[in-house]
Amino acid sequence: MSTAPKTPSPAAGQRAAPPSFDLVLFGGTGDLAMRKLLPALYRRFADGQVAADARIIGVARATLSREGYQAKAEEACRQFLGDAFLAGTWAGFARHLWYVRLDATTAADYRGLADQLAMRPDVVRIFFLSTAPDLFAAICHELATAGIVTPNSRIMLEKPLGEDSASASRINDTVGAMASERQIYRIDHYLGKETVQNLLALRFGNTLFEPLWRRGHIRHVQVTVAEQLGVESRGDFYDRTGALRDMVQNHLLQLVCILAMEAPATSAADAVRDEKLKVLRALRPMGAAEALVKTVRGQYRAGIVGAGRVEGYLEETGVHAASRTETFVAIKAEVDTWRWAGVPFYLRTGKRLHEHVAEIVITFEQIPHSIFDGPFGSQPPNRLVIRLQPEEFITLRILAKSPGEAMRLKPVDLALDLGESFKARPLEAYERLLGDAIQGNLTLFMRRDEVEAAWNWIDPIRAAWDADDDRPRPYAAGSWGPAAASALIARDGFAWHDEQ
Ligand code: BG6
């Protein structure tokens, strides 16, 4: 039977002649590998983007044959790819899959891996560390001792990168002792989302928005990443982490960076990362008292999400019965620069919320003077909504005359549906990020100083919460979070987008 890949509709952004690689997947049987990484690699293969001799080497503690690993990967790809799984192409992809049994902390186990890699000493090597972060140090140490990190090697690190600035810097030191910064690919999968990259296109590919993208024209900014999902099977991890570390330190702050940064001179990795870093460093630090006023923590209780009843956070497996871990956060952040002084950035994220939605809402200033009837300020200001997921669209609310004799203004939306406008399949975040690492493009990965600057802003908030006697405020699953989150923004005279 022919194993040549049947190419489904080609994805946007394909490149010619993919380079060869050996990709070593630590945590190769884990949840991320099965759910996201192997399906992403399969998709790249189906799009003709995996070189014929490329190898994907799953590494884990389980005793598995190569065939056993291929079978496990096939089951996962069938399950998580749905219609995108094309049975006829599987054998071709499976030929790229290998397996090495290895205990990350046992030096002798690295010999088998070293033997596998020694067959192709010059090819690009990627070590993807998709394990618990407490194994990063051991893995880096053993890789270095086994002498298998070549100048052509790249290390991909999955979040969480530490739990505070000190632990992040320890991880960075360990990895940095084995590889140079340009070999380290720190993942924030939000940067791999097509929609997030579209923000860069919107801001820096158009003349229209940039002159208005500042204080004086923008009144406030909202960033919401709401999930309907609970903690799923990760209760234990989540209970040690919480929404601030799990979502705000990385995904939400990266969105703020892209929204608030100055235009980089080019799209080169360091040009973009330098500008993002300046935003992180300009975030106004919060003292303990301020942190309690400018943040709201919540924790979900039982409720109805979508059509079904779900249990409360404290009943989830792996969660401590008296847990004070937050499953919801709202924050008023400020970026102290000439461009943004006085423009609040309201951030909000949580689990078991009313809707699954990620969006950015930019509310512009009121017009300075009205020539129309009616009290001044009675009309809503212009508003730009950038929906990142589940759908991708941009709407700009403007005022227009409503038909009839009277000169009455009504808000209407200029709407752009990006899914409809571009029929090509967008790349999934991990497809994009794995492809970029194989190509050696660091633009969408976080640099050490960015990660540490983000922790530096987060740590005092965490410390203020830890020192506070109050517990996170309860909210019913299926709601928009605790009422205090509405009060946080209402104090400044605004409302969350879903409340307007
Ligand atoms: C991960 C968090 O980084 O992002 C998860 O650890 C969260 O808790 C997930 O569910 C959300 O990602 P996405 O792509 O589904 O919005």
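Just so it is clear, the model here is predicted, and its values are computed rather than measured.

## Observations concerning the site of the ligand
Argument step 1. Lining the immediate surroundings of the ligand are Lys159, His189, Tyr190, Lys193, Glu227, Arg234, Asp246, Met247, His251, Lys351 and Gln389.
Argument step 2. Contact distances for the ligand include 2.6 Å between an oxygen atom and a side-chain N or O atom of Asp246.
Argument step 3. At 2.7 Å from an oxygen atom of the ligand is found a side-chain nitrogen or oxygen belonging to Gln389.
Argument step 4. In isolation the ligand offers 400 Å² of accessible surface; the protein chains occlude 78% of this area.
Argument step 5. For the shell around the ligand, the element with the highest residue contribution is helix H8 (residues 235-260), accounting for 3 residues.
Argument step 6. Residue composition of the shell around the ligand, grouped by class: 2 nonpolar, 3 polar and 6 charged.

## So, the confidence of the model for the protein chain
Argument step 1. In the predicted model, the protein chain carries a mean pLDDT of 93, and 97% of its residues have values of at least 70.
Argument step 2. Across residues 1-10 the pLDDT falls below 50, and counting only partners more than four positions away or on other chains, this stretch makes 19 contacts in the model.

## A look at the nonpolar core
Argument step 1. Ranked by internal contacts, the top residues of the largest apolar core, which has 148 residues, are Phe26, Leu38, Leu113, Phe345 and Leu347.
Argument step 2. If you tally residues by element for this core, the top one is H8, at 13 residues.
Argument step 3. For Phe345, the residues in contact, after removing those within four places along its chain, are Val221, Val256, Leu259, Ala260, Ile331, Lys332, Ala333, Val335 and Trp340.

## Concerning the sheet that holds strand E16 (residues 408-417)
Argument step 1. Spatial strand order, E16-E15-E14-E13-E7-E12-E11-E8-E17: 9 strands in an open sheet with mixed pairing. At either end of the open sheet lies a strand with only one pairing partner, and these are E16 and strand E17 (473-476). Ignoring which end each strand starts from, the neighbouring axes of this sheet average 20° apart.
Argument step 2. Pairing analysis gives 4 bridges linking strand E8 (residues 295-301) to strand E11 (residues 328-333), with the strands arranged antiparallel. Bridge pairing in E11 places Gly298 opposite Phe328.
Argument step 3. Docked against the sheet, H8 engages strand E7 (218-226), E11, strand E12 (345-350), strand E13 (357-364) and strand E14 (383-389), running at close to 145° with respect to E12.

What counts and how
Residues numbered from 1 in each chain as written. Predicted model: local features only at pLDDT ≥ 70, side-chain atom pairs only at ≥ 80, totals over all residues. Heavy atoms only, no water. Near = heavy atom within 4 Å. Polar contact = N/O pair within 3.5 Å; in protein donor to acceptor, adjacent residues only side chain to side chain. Areas by Shrake-Rupley, 256 points an atom, 1.4 Å probe, with all protein chains shown as cover. Helix = DSSP H or I, 4+ residues; strand = E, 2+ residues; numbered from the N terminus. Nonpolar A, V, L, I, M, F, W, Y, C, P; charged D, E, K, R; others polar. pLDDT = per-residue confidence, 0-100. Contact = heavy atoms within 4.5 Å. Core = buried A, V, L, I, M, F, W, Y, C linked by side-chain atoms within 4.5 Å. Buried < 20%, exposed > 50% of the residue type's maximum accessible area, 1.4 Å probe, protein only. Pairing = 2+ DSSP bridges. Axes fitted to C-alpha atoms, helices over the stretch in contact; angles between N-to-C directions.

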